[in-house]
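# Examination of the molecular architecture
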Amino acid sequence: MLLIKLLQKLFKKDEVCYLYNQMCLPEPLKEEDEKIYVERMLEGDISARNVLIEHNMRLVVFIAKRFESPKVLLEDLISIGSMGLIKGVETFKLDKNIKLATYASRCIENEILMFLRKVSKQKNEVSLDEALNVDGDGNELLLADVIPTNQVLAIDEAISNEKERIMYEAVEKLNKREKEIITLRFGLYKCEEMTQKEVADKLGISQSYISRLEKKIIDKLKCEMEKKLTIASK
C-alpha cells in the first residue's frame, strides 16, 4: 500500500515519540537480544533488568492511554503502570512459554485496574459500568470493557495510527496543488492511489515534473513533522 510507503519515508524507522508526555521511548529489543538480557537478569544483573524495563516503557504509555479520563491523570496512570511493568519484568521466566511483552502487558493492566478500583472505592463509586473515557463518536469506554484478557495489545497498530495523525496534520498545511498531488499519489483521504504518470496526465503536466514535485512535497512534510516532534520532545 502506497500510504505505508509514505509513512516509512516520513518517519525514521527507529523513532517512536510519545507526544503526550514530551518524552522519547526506545524501540523494543530484538527477540534474541531480549533473551540475552532476561538470562542476565535472572543471574542477578540489575543493569540487564533496567534495560528490559526501559525498552518496554512504551507498553506502559499505550496501555495507560486506554484508561485516561478526566478523573485520572495520564501521568498517574503511567506511574502506576510502570510499577506493573517492573513487577512483570522481575517475575518473568523464560519457561513461561509467553513473550515478555505479552506477560508485562497483563501485569501493567492489572496494576492500573487495581489502582482504578481503589480510587473508585475511595469515592464510593465502585461499578463496572463506570465510564473511563468517551471516544469521538460519543461511545463510553466502561471499566467492564477493559478487564484484562489474553489478547496481545496491538501496539504497532497504535503507533501507526499516531504516525498517520501527525502526517495528516502536516498535509493540511500544504498548499492546494501540493495537497492534491500527494493525495492522488498515495491514496490519502480514502482516495484511489495513482501512479506518477496517472497523476501527471490528470493534472496535464509531465511525469518528470510530478516526480520532482513529489520529492519536494515529501521533504516539506518531513520538515513540518520534524518541527512538531522537536517541539513535543522539549
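Residues numbered from 1 in each chain as written. Predicted model: local features only at pLDDT ≥ 70, side-chain atom pairs only at ≥ 80, totals over all residues. Heavy atoms only, no water.

## What about the packing of helix 2 (residues 31-42) against helix 3 (residues 46-54)?
What counts is decided by this rule: With axes taken as lines fitted to C-alpha atoms, and helix axes fitted only over the stretch in contact, angles between N-to-C directions fall between 0 and 180 degrees. Each helix is a run of DSSP H or I of at least 4 residues and each strand a run of E of at least 2, with the numbering of both proceeding from the N terminus. Convention used here: angles under 35 degrees read as roughly parallel, angles over 145 as roughly antiparallel, angles from 65 to 115 as roughly perpendicular, and any remaining angle as oblique. Here a crossing is taken to be left-handed if its near helix is turned anticlockwise relative to the far helix by less than a right angle, and right-handed if that turn runs clockwise. Every residue pair with non-hydrogen atoms within 4.5 Å of one another is taken to be in contact. Each residue gets one of three labels, nonpolar for Ala, Val, Leu, Ile, Met, Phe, Trp, Tyr, Cys and Pro, charged for Asp, Glu, Lys and Arg, and polar for the others, Gly among them.
At a closest axis distance of 7 Å, the pairing of helix 2 and helix 3 adopts a crossing angle of 140°. By the angle between their directions, the pair helix 2 and helix 3 is classed as oblique. Between helix 2 and helix 3 lies a crossing whose hand is left-handed. Contacts between helix 2 and helix 3 involve E34, Y37, V38, R40 and M41 from the former and S47, A48, R49, V51 and L52 from the latter. Within the contact of helix 2 with helix 3, the residues separate by chemical class into six nonpolar, one polar and three charged.

## Some thoughts on the nonpolar core
What tends to happen in soluble globular proteins is that the nonpolar side chains get buried as a cluster. We apply this condition: The term nonpolar core refers to a set of buried residues drawn from Ala, Val, Leu, Ile, Met, Phe, Trp, Tyr and Cys, joined through side-chain atoms within 4.5 Å. The buried label applies to any residue whose accessible area, calculated with a 1.4 Å probe on protein chains only, is under 20% of its type's maximum; exposed applies above 50%, and partly exposed to all values in between.
Counting 31 residues, the largest nonpolar core has L52, F67, L77, I78, L85, I108 and I112 as its most contacted members. Of all the elements in the fold, those that place two or more residues in this core are helix 2, helix 3, helix 4 (57-67), helix 5 (74-91) and helix 6 (100-122). Ignoring anything within four residues of it in the chain, the contact list for L85 reads I53, N56, M57, V60, A104 and I108. Judged by nonpolar contacts, the second largest core, of 19 residues, contains F186, A200, L213 and M225.

## Remarks on the environment of E54
Secondary-structure assignment places E54 in helix 3. Overall, the relative accessible area of 42% leaves E54 in the partly exposed class. Along the primary structure E54 and S82 are separated by 28 residues, whereas in three dimensions their C-alpha atoms are 9.9 Å apart.

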